[in-house]
Amino acid sequence: MMENQRRPPSYSIALLSATALAYEILLMRLFSIIQWHHFAYMIISLALLGYGASGTFLSLTAHRLLPRFPLAYLGNLAMFGVSAVGCYLIAQQVSFNPEEILWDFHQLLRLMLIYLVLALPFFFVANGLGLALAHYRDEITRVYAADLLGAGIGSLGIVLLLFLVFPATALQILGTLGFAAAALASWELKFRPRRITLVLILLAFIPLMLPAGWTVLAISPYKGMNQALQISGTRIIDEYSSPLGLISVMESPQVPLREAPGLSLNATSEPPPQLGVFTDADAMTVITAHTDEREKLAYLDQITSALPYHIKNPEKILILGVGGGAEVLQANYHGAGHIDAVELNPQVVDLVRMKYRAFAGDLYTAANVDVHITEARGFVSGSKERYDLIQVTLLDSFGASAAGLYSLSENYLYTVQALQEYLAHLSPDGMLAFSSWIKLPPRDSLKLFATAVEALRQSGINEPEKRLVLIRGWQTGTLLIKNSPFSETEIHSIKKFCDARSFDTDYFPGITIAETNRYNVLAEPYFFQGAQALLSDHAASYLQNYKFILQPASDDQPYFFHFFKWGVLNEILALRGEGGMPLLEWGYLILIATLVQALIASLVLILLPLWVSQRLLKNKTENISRSRISGYFFALGLAFLFIEIAFIQKFILFLHHPLYATAMVLSGFLLFAGLGSAWSQRYANSRSYKIGVNGAVTGIILVGLLYLLALGPLFSLLNWLPTFVKVVISALLIAPLAFCMGMPFPLGMARLGKAAPAFIPWVWGVNGCASVLSAVMATILAIHFGFTVVVILALMLYAMATMVFSGRWGEEKKLESE
């Protein structure tokens, strides 16, 4: 075998990094379908500890592997190709049910097994990259640049790939690319014999030839779609996939679907036949069969969301999150004039508008309906129209919602600033209507009420109590926010509507306790009491003492569905055998558990090689400051992802599309950071490491602080621009910050390569562990303190890293004079 000793195998490094990041994102997509998104988050975070395990492994074996670099490098790349598909297939066979984890100890063991299995592909990737960094220590900036540039391409590439193929097929393609990276490495390293390259190319086709049954997704039996499939005769008749979700269409000819959330118990009619449309095997919406018989649609007047149509006859309506079109059908039933319907997922719209057009009766092609495929808040921000009614639904999957599975979801539709934007787009007497599930003890409804009160007050309304109405059925509730005070006539219409359908009035201007809690009777009129308290002078005390978090969400803390307070944990656990588990906010608790497990594992993975290195390298590196070295790379690992995650959220508000924002920011940061890493080679060549790091961190801090102050006003100023122009502006804004962020890590590695090259594998693991922790910590910090605090902490970490870097790391005779 032969090897090009002078230049690193940059192309295979880039392809390996691209495939690895694409694999990480794809696994999150797959586990979001199989389980729920927060379990995907947990599994991937722990699986990425493979990077930390690699640091330990290389610290112990580098002296054996580096002399055999070509074979070791090639072997790890090939093993990634094998394990990328193989480990996922093995994990699929583990019967893990997260819902049973608190009472079945075996579920914890199965979860640990999934961690270990899914860590293997990342372990091999990190081995390959770590060996390249250690072997080409004079070219570290080029190796790191190839790593980042590849990762940037991979993050963008997987989004494009998921538009073309189903997630299972994408998994097979990534397995093929893993072998392709090994084949490319064999060519770059001039590996002998050449037939090895040919063998690797042939192996690359194996993942594409796997039987289709092997990659079928083993979806949790507790998800809504699998629950519905238990009904006799139900079947999936269509499936479509995109990065926004796996869309499944279900029909139930024997026991027809009847989706009418919160239908009045007084109702005498039921819905016509319907098709269920599931996103990621949950969150069902329906497409309702067309009928010319108006009485068959009378059920649309027997749900709480019909209330606005009995107060006035809205001519111009905006529906946000239209899904299969139930709200459009309801608006047309009540004689609406013009309807603007907004839906994020184009595949859902195409189902109603194209594939099932005849079934739905041209619902989305009617003359009075305009369907807009875009993000809801972005549409409102860019619109100059004013509406008589803006309707928003929170009716996601009831099971997932009740279990707190959306608590980690950032959602900019239900923040104080979002409600202010909606109110600004209402006509003078227009109304904003929210419908949501009823939960006990009250959470969503009261938090939304608190958000409405705050939005009205921040909009300069001194008497918000005159503009709010809250009603409740047995399963759903509706909150109305009016752009002017409700009149006596309108209040009379509200009471008449509720009495006819046995809905409870929980709040309207002038309500008395005798007018509440009459039909769907609770032990106490909790909703009425909550609404009164939130409008009173002791609202702050009520929020402080309430058992769940009801403080309004904001654009800086957009976690509307986060309700958990630690003070009630013991109380809820005591009710474990009495149906109390739905009160637990699973998403948040699993995030905390992820942090604890990642922290323990990271400490072990860092301390073990530190102890070993102290023994093995004692004579060679007596004066090396291990604490300074580890502190520097650990701080960089935390800070880089802190900023990246925070800015993804900030750019969602500008690009108004979570998919575009994530792809744009992630790929932008990685690509421009890769260019920054390549640029830093000139500092490494002249051994001006400290000058390079000081300059880069100064740029990070200055640009970061400037963006904290200026991005909000700038986005508001440029919000009217078309999406393509905003994408270009986003790239230009990301470029200077990411460019600077790409320099400190490779310059630190280059300096270490001169001072103590034996420590390169170890700090590679330290940085990897910090990256895993930072993803979890950034979310927890944002939930409690906001993304602004996350950015400020990141800038402080960069400043601390600079101070550590400015000190002596040990014997550095070959470095610039101190």
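Residues numbered from 1 in each chain as written. Predicted model: local features only at pLDDT ≥ 70, side-chain atom pairs only at ≥ 80, totals over all residues. Heavy atoms only, no water.

A. Spatial organisation of unusual backbone geometry. The linkage connecting L440 with the following residue, P441, adopts the cis geometry, with an omega of -10 degrees. By the secondary structure assignment, P441 is in the loop between strand 9 (426-437) and helix 17 (444-458). Non-glycine residue S502 carries a positive phi angle of around 60 degrees. The class of S502 is buried, set by a relative accessible area of 19%. (Helix = DSSP H or I, 4+ residues; strand = E, 2+ residues; numbered from the N terminus. Buried < 20%, exposed > 50% of the residue type's maximum accessible area, 1.4 Å probe, protein only.)

B. Region of interest: the packing of helix 6 (residues 140-164) against helix 24 (residues 658-679). For the pair helix 6 and helix 24, interaxial distance at closest approach is 7 Å and the crossing angle is 160 degrees. As judged from the angle between their axes, helix 6 and helix 24 are roughly antiparallel. The crossing of helix 6 and helix 24 is left-handed. Across the interface between the two elements, T141, Y144, A145, L148, L149, A151, G152, I153, S155, L156, V159 and F163 of helix 6 pack against L659, A663, L666, S667, L670, L671, A673, G674, L675, S677 and A678 of helix 24. Across the contact of helix 6 with helix 24, the residue classes tally to 17 nonpolar, 6 polar and no charged. (Axes fitted to C-alpha atoms, helices over the stretch in contact; angles between N-to-C directions. Parallel < 35°, antiparallel > 145°, perpendicular 65-115°, else oblique. Left-handed = near helix turned anticlockwise from the far one by under 90°. Contact = heavy atoms within 4.5 Å. Nonpolar A, V, L, I, M, F, W, Y, C, P; charged D, E, K, R; others polar.)

C. Up close: the sheet that holds strand 9. Sheet architecture is open: 8 strands sit in the order 7-6-5-8-9-11-10-12, paired in mixed fashion. Each edge of the open sheet carries a strand with a single partner, namely strand 7 (369-373) and strand 12 (504-507). Pairs of neighbouring strands in the sheet enclose a mean axial angle of 20 degrees, with direction left out of account. Two elements, strand 8 (residues 387-393) and strand 9, share 6 bridges in a ladder whose sense is parallel. Along strand 9, the bridge assignment pairs I390 with L432. Against the sheet, helix 16 (residues 416-424) makes contact with strand 5 (316-320), strand 8, strand 9 and strand 11 (476-482), and its axis sits at roughly 140 degrees relative to strand 9, the strand it touches most. Taken strand by strand, helix 19 (residues 526-535) contacts strand 10 (468-472) and strand 12, and its axis lies near 20 degrees from that of strand 12. (Pairing = 2+ DSSP bridges.)

D. Here's a closer look at the packing of aromatic side chains. This structure, assessed with the given rule, holds 32 aromatic pairs. A ring pair is formed by F123 and F124, whose centres lie 5.6 Å apart and whose planes are at 65 degrees; its orientation type is edge-to-face. F124 shares its class with F123; the two are buried. These aromatic residues form a ring-pair network of at least three members: Y23, Y51, F80, F122, Y144, Y632, F633, F745, W764 and F805. One cation-aromatic arrangement involves K447 over F563; the distance from NZ or CZ to the ring centre is 5.0 Å. For the cation-ring pair, R682 lies above W679, with the distance from its terminal atom to the ring centre recorded as 3.5 Å. (Phe/Tyr/Trp six-rings, centres within 6.5 Å; stacked < 30°, edge-to-face > 60°. Lys NZ or Arg CZ within 6 Å of the ring centre and 35° of its normal.)

E. Geometry of the environment of I549. Mapped onto the secondary structure, I549 falls in the loop between helix 20 (539-545) and helix 21 (569-574). Taking the C-alpha atoms as reference, I549 lies 7.9 Å from K447; in sequence the two are 102 residues apart. Sequence-distant contacts of I549, defined by excluding residues within four places in its chain, comprise K447, H562, F563, F564 and K565.

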